[in-house]
Amino acid sequence: MIREFLYKYYIDPIMYGQPYTIVDTLTYALILILSVYLVYRGLRRFGIEIDRDFVLATIPFVILGGLLRVVEDTGMIASDLRILLITPIIFFVVFFITVGALFLSRLLEVKGVVREYSRTYGLIGVALSAAFFVLLILWGAANTRVDLVVLLAIPAMAAVSSAAVFAFLRYVLGWEYVSDPLYLLLIVGHLFDASATSFGIDLHSLHYVEQHVVGSALIEWSGTAFSMFPLKLAVIVPAIYVLELYRKEGNVAFWHLVLLAMIVVGMAPGVRDMMRMVIYV
């Protein structure tokens with residue numbers, strides 16, 4: 001009974017790329033919440049300040065996660081090692097890469113080799129992301145095609161929609177705190193995901209589908225993937241309000257970490273979806 005349950009809801013969806021269900025979605029959400037807390041305790045214990053610089057330096061690793069997922073999508077890895085790049089296992093892979101870069105950078109700072117660990121940490125993420133981006137572009141040029149229109153259109157959609165949302169929150173609702181770069185990243189990250197999903201399902205020549213339970217149900221009900229925009233806003237706008245209330249209570253370190261986790265779950269899938277469409281996989 002237990003074995004069948006594990007295969008049905010966890011193992012088979014990973015091995016065969018099946019859509020998410022309520023069971024595995026809730027499970028991964030709980031794992032994410034627990035992981036944020038454990039990371040928070042670990043970073044505090046090792047004296048790493050969880051602040052704006054830390055979050056900004058981690059963003060390249062968020063992008064790296066999305067790009068690594070596309071490496072598996074291409075099929076360029078034929079061995080069973082490809083399972084390491086399938087959700088949710090890839091989260092652990094990217095986590096260990098990120099933690100390794102973080103503690104290496106921190107060690108170099110302690111040894112006096114670098115002045116600020118966050119800069120070195122961020123540059124490692126940028127270098128890795130750039131390397132895998134080039135790898136995917138070269139693979140696409142050799143095996144499928146590279147669509148520069150997609151590479152420009154999706155970021156443009158995200159930029160326009162993010163600017164509109166920011167203007168509404170800042171100048172209509174009067175939320176001055178939304179000008180914080182991290183709130184802006186949260187808005188951009190999730191609307192980037194909405195832009196990629198909308199473009200992929202409604203506009204791209206290949207047939208893409210939404211795998212997440214709530215998103216797929218909403219798209220089926222509304223008849224358009226552009227319904228992802230109001231869905232995202234229904235989540236991130238109240239989240240920003242609640243996060244700001246929490247920040248005022250004083251636990252700024254944990255606020256930074258929760259905000260980073262929310263950026264990750266929006267931005268990483270968006271990067272993956274866009275790159276798939278750019279190289280037609």
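No experiment lies behind these values; they were computed from the predicted model shown.

Student: Hey, could you run me through the overall build of the chain in this one?
Tutor: When helices and strands are tallied, the chain shows 10 helices and zero strands. The linear arrangement of helices and strands in the chain, starting from the amino end, is α-α-α-α-α-α-α-α-α-α. Looking at the chain as a whole, 42% of its 281 residues qualify as buried. The contacts of the chain with a sequence gap of at least 6 include a subset with a gap of at least 24, amounting to 72%. Carbon and sulfur atoms form 69% of the exposed surface of the chain, whose accessible area is close to 14,900 Å².

Student: Just checking my understanding: could you explain the packing of aromatic side chains for this structure?
Tutor: We describe a pair of aromatic rings using the distance from one ring centre to the other and the angle between the two ring planes. Counted according to the given criterion, the structure contains 10 aromatic pairs. Where Phe95 meets Phe96, the ring centres are 5.5 Å apart and the plane angle is 70°; that geometry is what we call edge-to-face. Using a relative accessible area of 38% as the deciding quantity, one classes Phe95 as partly exposed. Following the ring pairs from residue to residue traces out a cluster consisting of Trp175, Tyr177, Tyr183, Tyr241 and Trp255. Directly above the aromatic system of Trp255 lies the positively charged group of Arg247, at a separation of 4.2 Å from the ring centroid.

Student: Help me understand the pattern of salt bridges, please; the structure alone is not making it clear to me.
Tutor: Here the idea is simple: oppositely charged side chains can pair when their charged atoms come close. Under the defined criterion, the tally for this structure stands at 10 salt bridges. As a salt-bridge pair, Asp73 and Arg272 come within 2.8 Å of each other at their nearest N and O atoms. One end of the pair, Asp73, is in helix H3 (residues 52-74); the other, Arg272, is in helix H10 (residues 252-278), with 199 residues separating them in the sequence. Exposure remark for Arg272: the relative accessible area of 15% places this residue in the buried category. Arg106 is the salt-bridge partner of Glu109, the closest N and O atoms lying 2.6 Å from each other. One end of the pair, Glu109, and the other, Arg106, are both in helix H4 (residues 89-110), three residues apart, so they sit about a helical turn from each other. Relative accessible area serves as the criterion here: at 22%, Glu109 is assigned to the partly exposed category. A network of salt bridges, in which partner residues are shared, links Arg69, Glu72, Asp73, Arg272 and Arg276.

Student: Any chance you could explain the UniProt feature "transmembrane region" (unreviewed entry) in the chain here in plain terms?
Tutor: Here, UniProt's "transmembrane region" (unreviewed entry) annotation points to residues 20-40, 52-71, 83-108, 120-142, 148-169, 181-201, 221-243 and 252-271. Along residues 83-108 the backbone is 77% helical and 0% strand, and the end-to-end C-alpha distance reaches 33 Å. End C-alpha atoms of residues 181-201 are separated by 30 Å, and the span's content is 100% helix alongside 0% strand.

Student: For this particular structure, what's the right way to read the nonpolar core?
Tutor: For soluble globular proteins, the rule of thumb is that nonpolar side chains tend to be buried together. Grouped together as the largest cluster of nonpolar side chains are 70 residues, with contacts concentrated most on Phe54 and Ile240. Looking at this core, the elements with two or more residues in it are helix H2 (22-45), H3, H4, helix H5 (117-143), helix H6 (148-172), helix H7 (181-203), helix H9 (228-248) and H10. If you tally residues by element for this core, the top one is H10, at 15 residues. Each of two domains, domain 2 (51-143) and domain 3 (145-280), supplies a minimum of three residues to this core. Among all residues touching Ile240, those that are not within four sequence positions of it are Leu169, Trp175, Tyr177, Val178, Tyr183, Leu186 and Ile187.

Student: Help me out: how do you make sense of the packing of H4 against H5 in this one?
Tutor: Two quantities define a packed helix pair, namely the angle between the helix axes and the distance between the axes. At their nearest, the axes of H4 and H5 sit 8 Å apart, and the two run at 145° to each other. In the packing of H4 onto H5, the handedness of the crossing is right-handed. Taking contact as the criterion, the partners of Ile97, Thr98, Ala101, Leu102, Leu104, Ser105, Arg106, Leu108 and Glu109 in H4 are, on H5, Tyr117, Thr120, Tyr121, Ile124 and Leu128. Class assignment for the residues of the contact of H4 with H5 results in nine nonpolar, three polar and two charged.

Student: Explain unusual backbone geometry here, please?
Tutor: Trans peptide bonds make up most of the peptide bonds, and negative phi angles are found at most residues other than glycine. A positive phi angle, close to 55°, is found at Tyr280, a residue other than glycine. Considering the arrangement of structural elements, one finds Tyr280 in the segment after H10.

Student: Is there a simple way to think about the side chain of Thr74 in this case?
Tutor: Here Thr74 lies in helix H3. Residue classification places Thr74 among the buried positions, given a relative accessible area of 12%. Within polar-contact distance, the side chain of Thr74 engages the backbone oxygen of Val71 at 2.6 Å. Discounting chain neighbours no more than four positions away, the residues touching Thr74 are Leu136, Trp139, Ile279 and Val281.

Criteria and cut-off values
- Residues numbered from 1 in each chain as written.
- Predicted model: local features only at pLDDT ≥ 70, side-chain atom pairs only at ≥ 80, totals over all residues.
- Heavy atoms only, no water.
- Helix = DSSP H or I, 4+ residues; strand = E, 2+ residues; numbered from the N terminus.
- Buried < 20%, exposed > 50% of the residue type's maximum accessible area, 1.4 Å probe, protein only.
- Contact = heavy atoms within 4.5 Å.
- Areas by Shrake-Rupley, 256 points an atom, 1.4 Å probe, with all protein chains shown as cover.
- Phe/Tyr/Trp six-rings, centres within 6.5 Å; stacked < 30°, edge-to-face > 60°.
- Lys NZ or Arg CZ within 6 Å of the ring centre and 35° of its normal.
- Salt bridge = Lys/Arg side-chain N within 4 Å of Asp/Glu carboxyl O.
- UniProt positions renumbered as here; feature names shortened; annotations may be inferred.
- Core = buried A, V, L, I, M, F, W, Y, C linked by side-chain atoms within 4.5 Å.
- Domains from an automatic or database assignment.
- Axes fitted to C-alpha atoms, helices over the stretch in contact; angles between N-to-C directions.
- Left-handed = near helix turned anticlockwise from the far one by under 90°.
- Nonpolar A, V, L, I, M, F, W, Y, C, P; charged D, E, K, R; others polar.
- Polar contact = N/O pair within 3.5 Å; in protein donor to acceptor, adjacent residues only side chain to side chain.

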